[in-house]
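Inside the fold
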Amino acid sequence: MLITSFAIVLYLSLVVELTCFHVPSVANTRVFFTADEQTINKYSKYREIFYWSKNKKVVTLLLPHFINMTVFIIPLYYTFFAEPSINFMSVIGIIVATIGRFITFYSMYYVKNNNSQRNDDFTLHDTGPFSKMRNPGLTGMLLFFLGLTMIWATILMACVLVYYFFYNHFRILIEEDFLRVMYKEKYNQYFEKVNRYF
C-alpha cells in the first residue's frame with residue numbers, strides 16, 4: 001500500500017501541474033491541423049508536417065497523441081489493481097519517479113512564473129532548470145515514467161516507456177526548430193552549451 005500511496009501522490013502532483021502550471025507546447029497536435037499561413041511559412045518543420053496528407057497526419061500525429069494520453073492510464077491501472085511488492089527496484093523506482101516529478105513541476109512553475117508562453121509572449125529560458133538541460137519538463141516526465149516502469153516492471157510498461165520517449169523526442173525536434181527560427185544565434189549558442197536531456 002505504501003508504494004501505491006506514493007504513486008497516487010505523484011499522479012496528484014501531475015494533476016496540479018497540468019491544472020495550475022500547464023505550459024502549452026508549440027508542437028501540439030492541433031497546430032498541425034489548424035496552423036495559420038504565417039506560422040506554416042515561418043518554421044520549416046511546421047511547413048513540412050502541415051502539408052502532409054490528412055491520413056498521414058492522423059496516423060503520425062493524432063493516433064500517437066491519443067496513445068500518449070492512454071499511456072498515463074496504464075500505470076494508474078497498476079496503481080489500483082496490481083500492488084507491487086516492496087523491493088530494491090520498486091524503492092529506486094519511487095525515488096526516480098519523485099525526482100522526475102520534481103524536475104517537471106519545478107520547470108513548469110519556472111516557465112509559468114516568467115511568461116505565459118501564449119501568442120507572441122515567448123521567452124528563451126536558459127536559466128534555472130533550463131541551464132542544466134534544454135527540456136527539463138519532458139526529461140522529468142520521462143524519469144517519472146521510468147520510475148513507474150521500475151515499480152511495475154512489466155513488458156507492457158517497458159514498451160510504453162520506449163514509445164513515450166520516441167513520441168516526445170519527435171515533438172522536441174519540432175520545438176527546437178521553432179526556437180532556432182525565433183531566437184536565431186542566441187538559441188544556437190544555448191543549443192551548443194546545454195544538452196537536450198541530461
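Residues numbered from 1 in each chain as written. Predicted model: local features only at pLDDT ≥ 70, side-chain atom pairs only at ≥ 80, totals over all residues. Heavy atoms only, no water.

Once that is clear, we can look at helix α7 (residues 88-114). Compared with an ideal rise of 1.5 Å per residue, which puts 27 residues at 39 Å, α7 spans 39 Å between its outermost C-alpha atoms and is within 8% of the ideal. A distance of 3.1 Å separates the backbone nitrogen of M89 from a side-chain oxygen at the start of α7, and that oxygen is part of N87. (Helix = DSSP H or I, 4+ residues; strand = E, 2+ residues; numbered from the N terminus. Expected span 1.5 Å × (residues − 1). Polar contact = N/O pair within 3.5 Å; in protein donor to acceptor, adjacent residues only side chain to side chain.)

Time to look at the packing of aromatic side chains. Scanning the model with the defined rule gives 10 aromatic pairs in all. For the ring pair F145 and Y164, a centre distance of 5.5 Å and an interplane angle of 20° mean the geometry is stacked. Taken as a pair, F145 in helix α8 (residues 136-151) and Y164 in helix α9 (residues 155-193) lie far apart in primary sequence, 19 residues in all. The residues F145 and Y164 share a single accessibility class, namely buried. Arranged with centres 5.2 Å apart and planes meeting at 80°, the rings of F165 and F166 form a pair that is edge-to-face. Among the residues examined, F166 registers a relative accessible area of 55% and is labelled exposed. A connected cluster of aromatic rings, assembled from ring pairs, spans F102, Y106, Y110 and F130. Here R101 stacks its cationic end above the ring of F144, 5.6 Å away from the centre of that ring. Taking the ring centre of F191 as reference, the NZ or CZ of R180 above it sits at 4.7 Å. (Phe/Tyr/Trp six-rings, centres within 6.5 Å; stacked < 30°, edge-to-face > 60°. Buried < 20%, exposed > 50% of the residue type's maximum accessible area, 1.4 Å probe, protein only. Lys NZ or Arg CZ within 6 Å of the ring centre and 35° of its normal.)

A cluster of nonpolar side chains, contributed by L2, F6, I86, V91, I95 and I99, occupies part of the molecular surface with about 550 Å² of accessible area. Contributing elements (two or more residues each) for the nonpolar patch: α1 (2-20) and α7. A total of three residues in the nonpolar patch trace back to one element, the largest contributor, which is α7. If you trace the backbone, I99 turns up in helix α7. Of the residues examined, I99 reaches a relative accessible area of 43% and is grouped as partly exposed. (Patch = residues over 30% accessible without salt bridge, like charges linked within 9 Å, V, L, I, M, F, W, Y side chains within 5 Å. Areas by Shrake-Rupley, 256 points an atom, 1.4 Å probe, with all protein chains shown as cover. Salt bridge = Lys/Arg side-chain N within 4 Å of Asp/Glu carboxyl O.)

Of all hydrophobic cores here, the largest spans 22 residues; its most connected members are F72, F144, F145, L148, W152 and M157. Of all the secondary structure elements, the ones that give two or more residues to this core are α1, α6 (73-81), α7, α8 and α9. It is α8 that contributes the most residues to this core, six residues altogether. Filtering out sequence-adjacent residues up to four positions away, F144 remains in contact with L10, Y11, L14, F72, V96, A97, G100 and R101. Grouped together as the second largest cluster of nonpolar side chains are 11 residues, V111, L124, Y183 and Y187 included. (Core = buried A, V, L, I, M, F, W, Y, C linked by side-chain atoms within 4.5 Å. Contact = heavy atoms within 4.5 Å.)

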